[in-house]
Amino acid sequence: MFRLPIVSALAVVAATAAPALAQTTTATPAPQTAPQTTPAAPGTTAAPADAATAAKPNPAVGGAQMAPTKPIVENLAAAPNLATLVNALKAAGVDAALAGPGPFTVFAPDNDAFGRLAPGTMDTLLKPENKATLAKILNYHVVSGKLDAVTLKKQIESAGGTLTLTTVAGQPLTAGLENGAITLTDANGTKAYVTTYDVNQSNGVFHVVNGVLVPKLG
């Protein structure tokens, strides 16, 4: 039995999310105790304020141009700063579903976000016996439908500052606003910030985030 250091007081069990984007296998349950490093708030990155801003061409991600005519997985694979995420999607089998028609909204952790996890976490998650756990974590970063930043911001404000999103993993993710930036808080209280907004795709949209979001795995 291994110890998986993702967030405090979290137990890892073999469970497939419902609904899930991938068919997965059973993982060996194991407790974990070590937290990840808390991501910092972005400096000046803020959510677009109106539809005209949101309609601008796709931003480059990791220096790579993002084609709005391509599906999510193709653009993710083209961004060097999302290489860890792409590797994880392939290992979990979630990449095939994200190549489908969607639409999907993906909150995409960058390489630095995965680097904040305790040492050895990704090596453990990438083992075949932990495919179900990895898929559940990745599905927790996906919401059905296309939610651009303007829509998210309006929904957050209409909800009184805190919006509950239902993820494909079947568990809630909390969206909020902090100094104009959209924040995401997972089921364990870990907060991440959107750093790049509105990377439009043929089957949805993705936003880059600076933290890995983890559902309840017990």
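Residues numbered from 1 in each chain as written. Predicted model: local features only at pLDDT ≥ 70, side-chain atom pairs only at ≥ 80, totals over all residues. Heavy atoms only, no water.

A.B. asks: Can you walk me through the overall build of the protein in this structure?
C.D. replies: Each helix and strand counted, the protein has eight helices and nine strands in total. For the protein, the residues scored as buried account for 51% of the 218 residues in total. Within the protein, residue pairs in contact and separated by at least 24 positions form 72% of the contacts whose partners lie at least 6 positions apart. Accessible area for the protein stands at about 8900 Å²; split by element, carbon and sulfur atoms hold 54% of it. (Helix = DSSP H or I, 4+ residues; strand = E, 2+ residues; numbered from the N terminus. Buried < 20%, exposed > 50% of the residue type's maximum accessible area, 1.4 Å probe, protein only. Contact = heavy atoms within 4.5 Å. Areas by Shrake-Rupley, 256 points an atom, 1.4 Å probe, with all protein chains shown as cover.)

A.B. asks: In this structure, what is going on with helix H8 (residues 149-158)? I would like to understand it.
C.D. replies: An α-helix turns once per 3.6 residues; consequently, residues spaced three or four apart project the same way. Along H8, the positions that sit buried rather than exposed are Ala 149, Val 150, Leu 152, Lys 153 and Ile 156. Buried residues of H8, viewed axially, fall in a sector of 165°; they line one side. Those residues of H8 that are exposed and aimed more than 90 degrees away from the buried face are Lys 154 and Ser 158. Sitting at the head of H8, Asp 148 places a side-chain oxygen 3.3 Å from the backbone nitrogen of Val 150. Backbone geometry just after H8 places Gly 160 at a positive phi near 85°. (Arc of directions from axis to C-beta. Polar contact = N/O pair within 3.5 Å; in protein donor to acceptor, adjacent residues only side chain to side chain.)

A.B. asks: Even after reading the chapter, I still don't get the nonpolar core, so can you show me in this structure?
C.D. replies: As a rule of thumb, nonpolar side chains are buried together in soluble globular proteins. Core analysis: the biggest nonpolar cluster contains 35 residues, and Val 61, Leu 76, Leu 82, Leu 98, Val 106, Leu 138 and Phe 206 have the highest contact counts within it. For this core, the elements supplying multiple residues, two or more each, are helix H2 (72-78), helix H3 (83-92), helix H4 (94-98), strand E3 (104-109), helix H5 (111-115), helix H6 (121-125), helix H7 (131-139) and strand E9 (204-209). Once residues within four sequence positions are removed from consideration, Val 61 is found in contact with Met 66, Ala 79, Pro 80, Asn 81, Leu 82, Thr 196, Val 199, Phe 206 and Val 208. Judged by nonpolar contacts, the second largest core, of 20 residues, contains Tyr 140, Leu 147, Ala 181 and Tyr 197. (Core = buried A, V, L, I, M, F, W, Y, C linked by side-chain atoms within 4.5 Å.)

A.B. asks: Just to check I follow, could you spell out the sheet that holds strand E6 (residues 172-178) for this structure?
C.D. replies: Within a sheet, adjacent strands bond to each other through the backbone by hydrogen bonds, running parallel or antiparallel. The strand order across the open sheet formed by seven strands is E4-E3-E9-E8-E7-E6-E5, and the pairing between neighbours is mixed. The open sheet has two free edges, formed respectively by strand E4 (142-144) and strand E5 (162-166), since each of these has just one partner strand. Between one strand and the next, the sheet's axes are offset by a mean angle of 30°, whatever the strand orientation. Judged from the six bridges that link them, E3 and E9 form a sheet pairing that is parallel. By the bridge assignment for E9, Phe 107 is matched with His 207. (Pairing = 2+ DSSP bridges. Axes fitted to C-alpha atoms, helices over the stretch in contact; angles between N-to-C directions.)

A.B. asks: Would you mind showing me how to read the confidence of the model for the protein here?
C.D. replies: Low-confidence regions, as indicated by low pLDDT, have predicted coordinates that should not be scrutinised in detail. For the protein, per-residue confidence averages 82 on the pLDDT scale, and residues scoring 70 or more make up 75% of the total. Mean pLDDT per element in the protein: strand E1 (residues 10-12) is the minimum at 34, and E3 is the maximum at 97. Under a pLDDT of 50 for its full length, residues 1-35 has, in the predicted model, 110 contacts with residues more than four places off or in other chains. (pLDDT = per-residue confidence, 0-100.)

A.B. asks: Help me understand the environment of Phe 206 in this model?
C.D. replies: Note that Phe 206 resides in strand E9. Phe 206 sits 131 residues away from Asn 75 along the chain, and the two C-alpha atoms are 9.6 Å apart. When sequence neighbours within four positions are dropped, the list of residues in contact with Phe 206 reads Val 61, Met 66, Asn 75, Leu 76, Leu 82, Val 106, Ala 108, Asp 198, Val 199 and Gln 201.

A.B. asks: Please explain unusual backbone geometry as it appears in this structure.
C.D. replies: The omega torsion of the bond from Gly 102 to Pro 103 falls at 5°, within 30 degrees of zero and hence cis. With respect to the helices, strands and loops of the structure, Pro 103 is situated in the loop between H4 and E3.

A.B. asks: Quick question: what am I supposed to make of H3 here?
C.D. replies: Among the residues of H3, Leu 85, Val 86, Ala 88, Leu 89 and Ala 92 are the ones counted as buried. The arc enclosing the buried residues of H3, seen along the axis, measures out at 165°, which places them on a common side.

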